[in-house]
Amino acid sequence: MSDRHPTVEAPIPNCPKHVAIIMDGNGRWAQAQGKPRLFGHHAGAKRVKEIVRACPDVGVKYLTIFAFSTENWKRTQSEVSGLMSLFRRYISAEMKGLVKEGVRVRFIGDRVRLDGKLQAMMDDLERRTEHNEKVHLTIAINYGGRDEVARAVKEMACDVASGKLDPTSVDETTLTGYLDTRVLPDPDLVIRTSGEARISNFLLWQSAYSEYEFIDTLWPDFTSDVFRSCVSRFAGRERRFGGVKA
Ligand code: FPP
């Protein structure tokens, strides 16, 4: 997190508090240059750094990024292990800067399938940044919205069985409290890069009233200026949450 961008622009009025991003298009970006897919993922990791840094300037307090889905295990073994080693490298390279720059990092997703070393590094980064509050960065690794809801329901069922939870009291707030994201506000804006218009099992419960931006830019080309323009478009939208205009 060194080399801070020298120009600090003013926060955007009506800026979304929480932006979630499906970072898509790394593979196509690399292949267009005749490079291996992992080259695109490395370029994508650099953009993560730039966008995290841009958040305080733009006015975004919570940023959640989809780094690896429960379905991504279907990729080749070399791509999966390359991504896992990229996550380890990212954590060790960025740890100091994230701590210093006031970024609180959290991970969501099922950690059980991740290797022990990566799990320990994730725990450590969460612990070391737990008192930060300038920006809340949440990284989804081995995350799937359906899997998250299923794990939450399983935990709730165990609490009912042990007498800790009264089943007749269960409502939306109860379920929200069992999700990986329980301490986060719902995303106001979900961005997907690379021209695909689908949500791919990302934050299914939490994005019930999110605004969406599907943009053609491939993730490694997603600069802080592109981020700023997505946020500005959001600021001009009218949100009614199922109600009518006041
Ligand atoms: C989707 O592009 C991208 C991913 C599955 C990986 C996202 C990972 C990063 C941006 C790397 C760094 C992240 C962190 C947190 C360090 P794709 O491979 O599906 O692209 P394609 O659709 O063009 O093939």
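Residues numbered from 1 in each chain as written. Predicted model: local features only at pLDDT ≥ 70, side-chain atom pairs only at ≥ 80, totals over all residues. Heavy atoms only, no water.

Chemist: Tell me about helix α2 (residues 37–58), residues and numbers included.
Modeler: End to end, α2 covers 30 Å across 22 residues, agreeing with the expected 32 Å (1.5 Å per residue, within 8%). Of the residues one or two after α2, glycine 59 is the one with positive phi, at around 110°. (Helix = DSSP H or I, 4+ residues; strand = E, 2+ residues; numbered from the N terminus. Expected span 1.5 Å × (residues − 1).)

Chemist: Would you mind going over unusual backbone geometry in detail, with residue names and values included?
Modeler: The phi angle at asparagine 14 is positive, at roughly 60°, despite the residue not being glycine. Here asparagine 14 lies in the segment before β1 (18–22). Overall, the relative accessible area of 61% leaves asparagine 14 in the exposed class. One non-glycine residue with positive phi stands out, namely serine 194, at about 85°. For serine 194, the location among the structural elements is in the loop between β5 (189–192) and β6 (211–214). Accessibility expressed as a relative area gives 8% for serine 194, which makes it buried. (Buried < 20%, exposed > 50% of the residue type's maximum accessible area, 1.4 Å probe, protein only.)

Chemist: Residue-level account of the pairing of β6, with values.
Modeler: The alternating pattern of β6 places Glu211 and Glu213 on a buried face and Tyr212 and Phe214 on a face that is not buried. Inspection of the sheet shows β5 paired to β6 by four bridges, in the parallel sense. Considered in β6, the bridge of isoleucine 191 is made with glutamate 213. (Pairing = 2+ DSSP bridges.)

Chemist: Could you give an account of the nonpolar core, naming the residues involved and the relevant values?
Modeler: Buried together is how nonpolar side chains tend to be arranged in soluble globular proteins. One finds Ile21 and Phe227 to be the most contacted residues of the largest nonpolar core, which totals 48 residues. Not counting residues within four places of it along the chain, the set of residues in contact with phenylalanine 227 comprises Val19, Ile21, Ile51, Ala54, Cys55, Val58, Val60, Ile191 and Phe222. Counting residues in each nonpolar core, the second largest holds nine residues, with Ala20, Ala140, Val190 and Leu203 among its members. (Core = buried A, V, L, I, M, F, W, Y, C linked by side-chain atoms within 4.5 Å. Contact = heavy atoms within 4.5 Å.)

Chemist: Any details on the pairing of strand β2 (residues 62–69)? Residues and values, ideally.
Modeler: β2 sits mainly inside the fold: eight of its eight residues count as buried. With five bridges joining them, β1 and β2 adopt parallel strand pairing. Directly across from valine 19, in β2, lies its bridge partner leucine 63. Where β2 and strand β4 (residues 135–143) come together, seven bridges link them in parallel fashion.

Chemist: Residue-level account of the packing of α2 against helix α3 (residues 77–100), with values.
Modeler: Relative orientation of the contacting elements α2 and α3 amounts to 30°, with a least axis distance of 10 Å. Relative to α3, the element α2 lies roughly parallel. With respect to the hand of their crossing, α2 and α3 are arranged in right-handed fashion. Residues Arg37, Leu38, His41, His42, Ala45, Val48 and Lys49 of α2 form the contact with α3, whose own contacting residues are Ser78, Glu79, Gly82, Leu83, Leu86, Arg89, Tyr90 and Glu94. (Axes fitted to C-alpha atoms, helices over the stretch in contact; angles between N-to-C directions. Parallel < 35°, antiparallel > 145°, perpendicular 65-115°, else oblique. Left-handed = near helix turned anticlockwise from the far one by under 90°.)

Chemist: Talk me through the pattern of salt bridges; I want residue IDs and the actual numbers.
Modeler: Scanning the model with the defined rule gives 19 salt bridges in all. We note a salt bridge from aspartate 159 to lysine 164, for which the minimum N-O separation is 3.7 Å. Residue classification places lysine 164 among the exposed residues on the basis of a relative accessible area of 67%. The salt bridge partner of glutamate 196 is arginine 198, with a shortest N-O separation of 3.3 Å. Glutamate 196 gets classed as partly exposed once you look at its relative accessible area, which sits at 22%. (Salt bridge = Lys/Arg side-chain N within 4 Å of Asp/Glu carboxyl O.)

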